[in-house]
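Survey of secondary and tertiary structure
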Amino acid sequence: MVQNVAGILPELDPEDFYLLSGVEQGMRFSEWVSREKLPDFADLTPEEVEYRLDRCLDRGLIERKTIQYEGYTLTFEGYDALALRTFAERETITGFGASLGVGKESDVFEVQSYEPMALKFHREGYTNFREVMKERDYTSDRQHVSWLYTARKAAEREYEALETLYPDVSVPRPIDHNRHAIVMEKIDGVELSRTGLEDEQVLPVLDLVLREMQTAYREGRVHADMSEYNVFVGSEGITIFDWPQAIPADHENAEEFLERDVENIVNYFRRKYPQHVEEYDVGAVAHSIEKNEFDRVEAHSV
Ligand SMILES: Nc1ncnc2c1ncn2[C@@H]1O[C@H](COP(=O)(O)OP(=O)(O)O)[C@@H](O)[C@H]1O
Ligand SMILES: [Mg+2]
């Protein structure tokens, strides 16, 4: 579990951030950054580096390991601190709030801006990475796999998808992104998985979700991880979130992913509301979405 670093940010000096970004720069070349290289990367004197290393180690922002050499690496907390500092400098966020959710591969918090927003830290690649590294020769640059890179890429992909889809598709409005973090509109709603729909809402909500998927397809994206956990239901309709794995609609596997997304959603409704939801031809629904002809799921009952 990654600690919330917002509380320790006020304790940090500008030089602590130089050190952290020095370690970050060194991690482009190797997982453990040699102490000898840190004054250069961080633009600090060796004495200053020593002092800052202790402060950052104490706060869990970096880790040390001595193998052939004394090396340092950022923890997720250290990476979080760098992203938060950037958002604060840009005045994207002015305050940090409570947790909004812990996902499979993310931590989401409420943050303060001109209005309350959601900040999502991507955590992709972290747990996996440790496993992978055990089996690899990580002195070789070519095989250098970094969770930093994986998490940053995921955040970039999610932000790019939100920018492509907003506002035509009902997704959180993208506000800003940096490193492995994105700031977006905070959605006030309840996840579909935790919503008990009234009888007369069941089919209209299913239609709404499928229509948003159709609009997303028309705008060039297939979500590729659709489930009852990635849809919010609120008083103003539904919102589809969690887009890092979205694929372009012209991708060679797009149809396959679209059909799987449709199947996940339709099957969820069938399981939860068997008395309201009949059996549908999922392939036909997906096909009508591809042709931009989808209207009501009931047109595809079998
Ligand atoms: N824009 C948002 N507004 C409010 N809560 C959010 C927002 N985005 C995510 N969350 C909360 O955080 C949880 C995890 O987010 P999600 O994007 O689904 O990440 P993961 O990839 O880890 O599943 C969600 O289930 C939801 O409760
Ligand atoms: Mg999710």
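Rules used throughout
- Residues numbered from 1 in each chain as written.
- Chains lettered and ligands numbered in written order.
- Predicted model: local features only at pLDDT ≥ 70, side-chain atom pairs only at ≥ 80, totals over all residues.
- Near = placed C-beta within 6 Å.
- Helix = DSSP H or I, 4+ residues; strand = E, 2+ residues; numbered from the N terminus.
- Nonpolar A, V, L, I, M, F, W, Y, C, P; charged D, E, K, R; others polar.
- Domains from an automatic or database assignment.
- Core = buried A, V, L, I, M, F, W, Y, C linked by C-beta atoms within 7 Å.
- Buried ≥ 20, exposed ≤ 12 C-beta atoms within 10 Å, placed from the backbone.
- Pairing = 2+ DSSP bridges.
- Contact = placed C-beta atoms within 7 Å.

A word on the site of ligand 1
Among the 19 residues in the neighbourhood of ligand 1, the closest are listed as Gly101, Gly103, Ser106, Val108 and Asp242. Here the shell around ligand 1 takes three residues from strand S4 (residues 95-103), the largest share from any one element. Taken together, the residues of the shell around ligand 1 sort by class into eight nonpolar, four polar and seven charged. For the shell around ligand 1, the two domains that each supply at least three residues are domain 1 (6-185) and domain 2 (190-300).

Observations concerning the nonpolar core
Ranked by size, the top nonpolar core spans 78 residues in total, and within it Leu20, Val183, Leu210, Val262, Val285 and Ile289 carry the most contacts. Sort the elements by how many residues they give to this core and helix H6 (residues 147-165) lands first, with nine residues. Counting residues domain by domain, this core receives three or more from each of domain 1 (6-185) and domain 2 (190-300).

Some words on the pairing of strand S3 (residues 70-74)
Within S3, four of the five residues are buried, leaving the element largely enclosed by the surrounding structure. The sheet contact formed by strand S2 (residues 62-66) and S3 spans five bridges and is antiparallel. What sits directly across from lysine 65, in S3, is glycine 71. Count of turn residues in the S2/S3 antiparallel hairpin: three residues.

A look at the sheet that holds strand S12 (residues 237-240)
The antiparallel open sheet is built from three strands, whose spatial order is S9-S11-S12. Pairing within the sheet leaves two strands with one partner each, and these edge strands are strand S9 (190-191) and S12. Judged from the four bridges that link them, strand S11 (residues 231-234) and S12 form a sheet pairing that is antiparallel. Bridge pairing in S12 places phenylalanine 232 opposite threonine 239.

Let's talk about unusual backbone geometry
The linkage connecting tyrosine 166 with the following residue, proline 167, adopts the cis geometry, with an omega of 0 degrees. Checked against the element boundaries, proline 167 lands in the loop between H6 and strand S7 (174-178). Even without a glycine there, the phi angle at arginine 179 is positive, about 50 degrees. With respect to the helices and strands, arginine 179 occurs in the loop between S7 and strand S8 (181-185). We classify arginine 179 as buried; it has 20 C-beta atoms within 10 Å. In the Ramachandran plot, aspartate 242 falls in the positive-phi region, its phi being about 70 degrees despite a non-glycine side chain. Relative to the helices and strands, aspartate 242 resides in the loop between S12 and strand S13 (247-248). Exposure remark for aspartate 242: the 23 C-beta atoms within 10 Å place this residue in the buried category.

Quick notes on the domain arrangement of the chain
Taken domain by domain, the chain consists of domain 1 (6-185) and domain 2 (190-300). Taken together, the contacts link 13 residues of domain 1 with 14 residues of domain 2. Among the elements that line the side of domain 1 that touches domain 2, the one with the most residues is H6, at seven residues. For the side of domain 1 that touches domain 2, the per-class residue count stands at seven nonpolar, three polar and three charged.

Comments concerning the sheet that holds strand S1 (residues 33-34)
Spatially, the three strands line up as an open sheet ordered S1-S3-S2, and their pairing is antiparallel. Each of the sheet's edge strands pairs with one partner strand only, and the pair in question is S1 and S2. Relative to S3, S1 runs antiparallel, the two being bridged by two bridges. Within S3, the position partnered with serine 34 by the bridge is glycine 71.

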